[in-house]
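Chain residues, written in single-letter form:
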Amino acid sequence: MGTITKRGELQWQAKVRRRGFPAQSRTFSYKEDAERWVRAMERELETTGFIDRREAERSTLADILLRYAQEVTPQKKSAVMESTKIKLLLRDAALTQIKISALNSSIVAAWRDRRLKQVSGATVNREIDVLSAAINHARREWGIHIENPVPLVRRPEKAKARDRRFSDEEMVYLLAALTGGERLADGTFSKGARNPWLQPLVELAVETAMRRGELLSLRWECVNLARQTAFLPDTKNGDSRMVPLSRKAVSILQELQVLAGANDAHEGPVFQTTAMALRKGFKRALERAQQQYKEDCRAASKRPVRGFLEDVHFHDTRHEAASRLSEKLSNVLELSAVTGHKDLRMLKRYYHPRAEDLAKKLG
């Protein structure tokens with residue numbers, strides 16, 4: 001079953017063959033090591049405990065991540081974000097150049113500690129999720145023998161749920177900063193947002209609790225203003241959802257039809273803009289709103305409120321919307337039907353009532 005042959009002056013090649021099993025071979029510097037390996041392989045074959053380790057011994061973690069990025073990631077809704085995470089993982093050669101057969105929890109833990117010096121624990125946790133998913137896929141679907149060491153590694157503490165709410169004054173300044181800047185005679189633009197879709201997009205987000213991706217993928221064919229509904233055929237959690245529209249949301253959409261030069265039968269995207277344009281435009285609007293607020297405070301000799309429009313992300317509009325909707329929909333199941341949350345525990349992360357509002361209810 002096992003044979004050992006000398007290759008050159010310094011190497012010994014060991015081979016083990018048995019009918020019904022793939023042939024195994026490995027090269028050693030010492031004949032004694034080759035003999036021990038042959039005996040171990042023969043024992044595995046005789047006791048039917050054979051494990052094909054060839055792929056794990058010749059592939060690095062980088063090979064697994066690259067293959068996963070090419071074959072699996074493109075099929076996911078979060079393909080762009082996952083691709084970015086894989087690229088970040090590949091930058092750490094100390095982790096990804098390790099052979100799969102040698103990967104263990106201490107190597108992953110060392111990478112975690114290095115990464116925590118650069119980013120937050122929440123970011124590291126998301127990258128760990130991608131790493132674990134790639135290893136599990138390689139083990140289950142590609143037949144690569146590897147024990148996933150990720151579950152053995154202590155994860156960073158989860159970040160506290162964001163509870164950022166907009167004050168009435170913050171919302172006034174933000175919406176004002178999102179109004180369109182007009183083109184001047186010299187060809188430049190006046191102060192304001194050049195993208196006319198930003199203000200109605202933010203307003204509709206606060207009114208409906210729809211996610212950024214859901215808003216940008218919303219089409220006129222799925223909007224029924226007469227019935228006050230908007231149909232989302234494909235949401236983040238994989239299910240379709242019918243979103244009820246308030247009278248204000250209907251009014252926003254009617255104005256958008258005028259902006260698009262459309263009518264009720266119009267087809268195509270409701271918001272003719274991109275995620276990148278929204279991200280940049282929203283950031284610039286925040287900066288303009290903060291600057292205008294400071295100027296107004298100086299003019300009125302008023303002390304600015306600390307943290308005014310600071311630490312704000314577009315996704316905070318979903319927090320704001322969920323909290324506002326909860327004031328109208330006391331039934332948590334009705335609220336989850338609007339926001340699209342399957343897990344009520346996740347809904348709680350988005351529902352942040354103001355203490356002063358709860359105090360008024362108490363009387």
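About the thresholds
Residues numbered from 1 in each chain as written. Predicted model: local features only at pLDDT ≥ 70, side-chain atom pairs only at ≥ 80, totals over all residues. Heavy atoms only, no water. Pairing = 2+ DSSP bridges. Helix = DSSP H or I, 4+ residues; strand = E, 2+ residues; numbered from the N terminus. Buried < 20%, exposed > 50% of the residue type's maximum accessible area, 1.4 Å probe, protein only.

As named in an unreviewed UniProt entry, the protein is Site-specific integrase, taken from Diaphorobacter limosus.

**A few points about the sheet that holds strand E4 (residues 223–224)**
Strand order across the open sheet formed by three strands is E4-E5-E6, with antiparallel pairing between neighbours. The open sheet terminates on both sides in strands that have one partner only, identified here as E4 and strand E6 (241–244). Across two bridges, the pairing between E4 and strand E5 (residues 229–232) is antiparallel. Residue pairing in the sheet places Asn 224 in a bridge with Thr 229 of E5.

**Brief notes about the pairing of E5**
Taking the residues between adjacent antiparallel strands as the criterion, E4 and E5 are bridged by four residues, where Gln 228 takes a positive phi near 60 degrees. In terms of strand pairing, E5 meets E6 through four bridges, oriented antiparallel. Of the residues in E6, the one forming a bridge with Leu 232 is Arg 241.

**Some details on unusual backbone geometry**
Positive phi, close to 50 degrees, is recorded for Ser 301, a residue that is not glycine. Topologically, Ser 301 is positioned in the loop between helix H12 (275–299) and helix H13 (316–328). A residue is classified by how much of its surface remains accessible, and Ser 301, at 70% relative accessible area, is exposed. Positive phi is not limited to glycine here, since Asp 311 has a value of about 55 degrees.

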